[in-house]
Amino acid sequence: MSLDESFRPRVLVTKIGLDGHDRGSRIVAAACRDAGMEVIYTPPWQTIAAVVKLALEEDVDVVGISSLATDHLIVPKLMAALRDAGLGHMRVVVGGIVPDDEEAMLLKSGVRRVFHPGSTMDEITTTMREYAREARRAAAEQESTR
Amino acid sequence: MNKPFDAPLAAAAAADARSRWERDYAESIGTERKTENVSGIPIRPLYGADDWAGYGQPDPLGYPGQPDYTRGIYATMHRGRTWTQRQLVGLGTPADYNERLLGIMARGATAVSLIPCNSVYRGYDMDSVEPELLGTCGVVLDNTDHMDRCLEGVDLNRISCALNDPSPFTLLAFMLAVAERRGVDWRHVTGTSNQSDYLSHHVANHMFYRLSLPGARRVLLDHIAFCNEKVPRWNPMSVVGQHMQQAGATPAEAMAFTLSTAVQNAEDCIGRGMEPDQFLPRFTFFFDISLSFFEEVAKFRAGRRIWARLARERLGAKKPASWRFKFHAQTSGVDLTRQQPLNNIARVAVQAMAGIFGGLQSLHTDAYDEAFQVPGEAGARIAVATQNILREEAHLTDVIDPLGGSFYVESLTDAMEEKILAIMKTVDDAGGMYAAVEAGLVQRMIGASALRFQQRVDSGEQTVVGVNAYRAAAEDDAATRPAVERPDPAEMRAHCEAFAAWKASRSPAAVGAALDALSRAADDPKANVFSAVVDGARAGLSNEEICARLRRDLGFGQPLAFV
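Residues numbered from 1 in each chain as written. Chains lettered and ligands numbered in written order. Predicted model: local features only at pLDDT ≥ 70, side-chain atom pairs only at ≥ 80, totals over all residues.

## Observations concerning the overall build of chain B
Scanning chain B from N- to C-terminus turns up 22 helices and nine strands. Seen through its C-alpha atoms, chain B measures out along the principal axes to roughly 95 × 60 × 50 Å. Classification of the 563 residues of chain B by burial places 51% in the buried group. Sequence separation of at least 24 residues holds for 77% of the intrachain contacts in chain B that already meet a minimum separation of 6. (Helix = DSSP H or I, 4+ residues; strand = E, 2+ residues; numbered from the N terminus. Buried ≥ 20, exposed ≤ 12 C-beta atoms within 10 Å, placed from the backbone. Contact = placed C-beta atoms within 7 Å.)

Below, the structure written as structure tokens:
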């Protein structure tokens, strides 16, 4: 696959767990769309299994999890489920309210990056694009070693 | 001795002074910055008598306690009774909650508020959700016994309780069952079904979303009818602008959508044969207070007088108690920053002042740590102290409507009123708030405003100290962030085990019979579903059992998914 200027990242923007505050996920999804990405957006309250299934079916490069009210605490479970489904090449980012010590826990579980309040849309979309390239390369390597 | 007054000469001198100022201003200002408030009203550098339509008229604003209540809904306003200091509290197990609650009351809080865990909001019991999430955002409260434990030591005859309790209002049902247990007459029970407004949940806060739009509409009306009759001091209707503003609505949009929602609910009640003067005195409102200080003051003053007219002219209410715009307000969490978090204390103080000058009846001040966690003990203490300082040290309550008569504030109040009425007309043209929400119109407008606000911040047009200006090193930021407090996992496990044992101890036949009674009420359009929910709480049904059954019978809908 060529990684030239026509490269279009495929990103899933979603919320897992119990909270429904979706201002953040909507704004980020709109910003990604406006930045030329292929955006798959869902309403809040997805189960981990549903996110894994959607990520697989839509063959996304980046999974963006928005969390306002502590739903980030189950992201490590999502990371394990993605790996179990053979989707370890996908990059996962979390955006929202994440305390410092819990950010460390998320990064340790394999989350690529945590975006805190105050991140600009430009910063988020630029980074997501870069991670999408990483994910494509990782997928290609996975393919060639198979 | 003064010379005899010469009006034409004085007018000429004034005009001369004005043009001199205009010239001086134009010469000194350099590049004029275009200033607009969040609601889109252009803001001029100076306001004078010409900018206020009412200036020079006898009593242009009327008096506090008199329609149209621009200056406040009571004759004494904050000089008499100030406001209810109502801090949101909710965490951990019922025992944790009770301990925090009694502590806050000992430090001056005068009313109870109860925030349940997100699992409760969503209508699930603790055994149906990921254990990591339990009690992290509110108290895990799934039955009448848990409510009893939460409110241990709280006199339900005396203390007003605000329950964050979406349709079908299981928390109030649990509380009424507790009152009965304790021998407290329901006629003495006072408080509010906070955020009972299902429309705002569908628009902007899906956390509460439990029933379909038509199902929620019916249960709300049943709830209002039940409370009016059996719990007459309870406020069953809390119309919410806060969710919508937090989701991105401008202050004018939030006020307009809230008033349109109130009209929708009132007209629904009238359609059911209820008398406006019976239910309207128990309508309350709940708003967000952003950092746009003057805009917020004007928003509240304008909303108050629009409501007085609507209640009288459109809804036909005859009693002043029906015209009064009683509102609780919460300082906006959206304005708080994770960076340099102690700055949030200053932000909250300014927001709270806007609400106080706007004439609120009840106030929650956010803790400074809300931008990165559910408030810790220290943050909650400062939030309460902020209110005490504003009320008792700063003399903000000595004078009623102290900003009234300011050229700027009056001009802005008029402009906000005009803007709010225009947005309400858009909603009316779409068939009213219910139809506008069903069609997604309101959600789209709010989404567009949220995006616009984000662009203002990203472009630097709106300064946010510590975020897009005056930034500090990352490590300095981190040093001022307190460690996060999470519920004790062992205690939560014990709470879950006790709940499982309680569930198993019940007679399956009795549980089945109670659920069937709920279904019968849901199936019979003449029955009162909320009355059946109260019976369910008495009979020992859990939150999830009640919600799941009504979801099945009355429908569960998904929020509209679009960007």
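## Digging into the interface of chain A and chain B
Opposite the 32 residues of chain A that make contact, chain B presents 35 residues. Listing elements by their share of the side of chain A that touches chain B, those giving two or more residues are helix 1 (23–34), helix 4 (100–108) and helix 5 (121–145) of chain A. If one sorts the elements of the side of chain A that touches chain B by residue count, helix 1 of chain A sits on top with six residues. Split into classes, the residues belonging to the side of chain A that touches chain B amount to 14 nonpolar, eight polar and 10 charged. (Nonpolar A, V, L, I, M, F, W, Y, C, P; charged D, E, K, R; others polar.)

## Here's the deal with the sheet that holds strand 7 (residues 283–289) of chain B
Residues and elements named next belong to chain B. The strand order 1-9-8-7-6 describes an open sheet built from five strands, whose pairing is parallel. The open sheet has two edge strands, strand 1 (84–85) and strand 6 (237–240), and neither has a second partner. Pairing of strand 6 with strand 7 involves four bridges; the strand directions are parallel. Paired with valine 240 across the bridge in strand 7 is phenylalanine 286. Sheet strands touched by helix 9 (residues 251–271): strand 6 and strand 7. Its angle to strand 6, the strand with the most contacts, is close to 150°. The strands touched by helix 13 (residues 343–357) are strand 7, strand 8 (327–331) and strand 9 (362–364); relative to strand 8, the strand with the most contacts, the crossing angle is about 165°. (Pairing = 2+ DSSP bridges. Axes fitted to C-alpha atoms, helices over the stretch in contact; angles between N-to-C directions.)

## So, the nonpolar core
Residues Val11 and Val62 of chain A together with Met175 of chain B are the most contacted members of the largest nonpolar core, which totals 189 residues. Among the elements that line this core, the one with the most residues is helix 9 of chain B, at 10 residues. Each residue touching valine 62 of chain A, except ones within four places of it in the same chain, is listed here: Pro9, Val11, Met90, Arg91, Val93, Met128, Tyr131, Ala132 and Ala135 of chain A. (Core = buried A, V, L, I, M, F, W, Y, C linked by C-beta atoms within 7 Å.)

## Describing the sheet that holds strand 3 (residues 161–164) of chain B
Residues and elements named next belong to chain B. Reading across the sheet, the four strands line up as 2-3-4-5 and stay open at both edges, with parallel pairing between neighbours. The two strands at the open ends of the sheet, each matched to only one other strand, are strand 2 (112–114) and strand 5 (234–235). As defined by bridge partners, strand 2 adjoins strand 3 across three bridges and the pair is classed as parallel. Paired with leucine 114 across the strands is leucine 163, a residue of strand 3. Here helix 5 (residues 170–181) sits on the sheet in contact with strand 2, strand 3 and strand 4 (191–194), set at roughly 140° to strand 3.

## Some words on the packing of helix 20 (residues 508–523) of chain B against helix 22 (residues 543–554) of chain B
Residues and elements named next belong to chain B. The geometry of helix 20 relative to helix 22 is characterised by a closest axis approach of 10 Å and an angle of 35° between their N-to-C directions. Remark: the crossing between helix 20 and helix 22 carries right-handed chirality. Contacts between helix 20 and helix 22 involve Leu515, Leu518, Ser519, Ala522 and Asp523 on the former and, on the latter, Glu545, Ile546, Arg549, Leu550, Asp553 and Leu554. In terms of residue class, the contact of helix 20 with helix 22 is made up of six nonpolar, one polar and four charged. (Left-handed = near helix turned anticlockwise from the far one by under 90°.)

## Some points on the pairing of strand 1 (residues 10–14) of chain A
All names here are of chain A. Strand 1 sits mainly inside the fold: four of its five residues count as buried. Strand direction decides the pairing type here: strand 1 and strand 2 (residues 38–41), joined by four bridges, are parallel. Note that in strand 2 the partner of leucine 12 across the bridge is isoleucine 40. Handedness of the β-α-β unit built from strand 1, helix 1 and strand 2 comes out right-handed. With four bridges connecting them, strand 1 and strand 3 (residues 62–67) associate as parallel partners. The partner of valine 13 across the bridge, within strand 3, is glycine 64. (Right-handed = clockwise from strand over helix to strand, strands pointing away.)

## Let's talk about the environment of proline 58 of chain B
Residues and elements named next belong to chain B. Tracing the sequence through the fold places proline 58 in the loop between helix 1 (7–29) and strand 1. Taking the C-beta count within 10 Å as the criterion, proline 58 has 5 such neighbours and is therefore assigned exposed. Linking proline 58 and leucine 221, residues 163 residues apart in sequence, is a C-alpha distance of 43 Å.

## Thoughts on the packing of helix 2 (residues 48–58) of chain A against helix 3 (residues 75–84) of chain A
Residues and elements named next belong to chain A. Where helix 2 meets helix 3, the axes come as close as 10 Å, and the angle between the chain directions of the two elements is 40°. Viewed along their axes, helix 2 and helix 3 adopt a mutual orientation that is oblique. Considering the relative orientation of helix 2 and helix 3, their crossing is right-handed. Residues Ile48, Val51, Val52 and Ala55 of helix 2 pack against Lys77, Leu78, Ala81 and Leu82 of helix 3. Among the residues forming the contact of helix 2 with helix 3, the class breakdown is seven nonpolar, no polar and one charged. (Parallel < 35°, antiparallel > 145°, perpendicular 65-115°, else oblique.)

## Quick notes on unusual backbone geometry
Residues and elements named next belong to chain B. The omega angle of the peptide bond from proline 67 to aspartate 68 is 5°, so this bond is cis rather than trans. Position of aspartate 68 among the secondary structure elements: in the loop between helix 1 and strand 1. Cis geometry marks the peptide bond from serine 167 to proline 168; its omega dihedral reads 10°. By the element assignment, proline 168 lies in the loop between strand 3 and helix 5. Backbone geometry at phenylalanine 169 places phi at a positive 65°, although glycine is not the residue there. Looking at the element boundaries, phenylalanine 169 is found in the loop between strand 3 and helix 5. The phi angle at histidine 395 is positive, at roughly 60°, despite the residue not being glycine.

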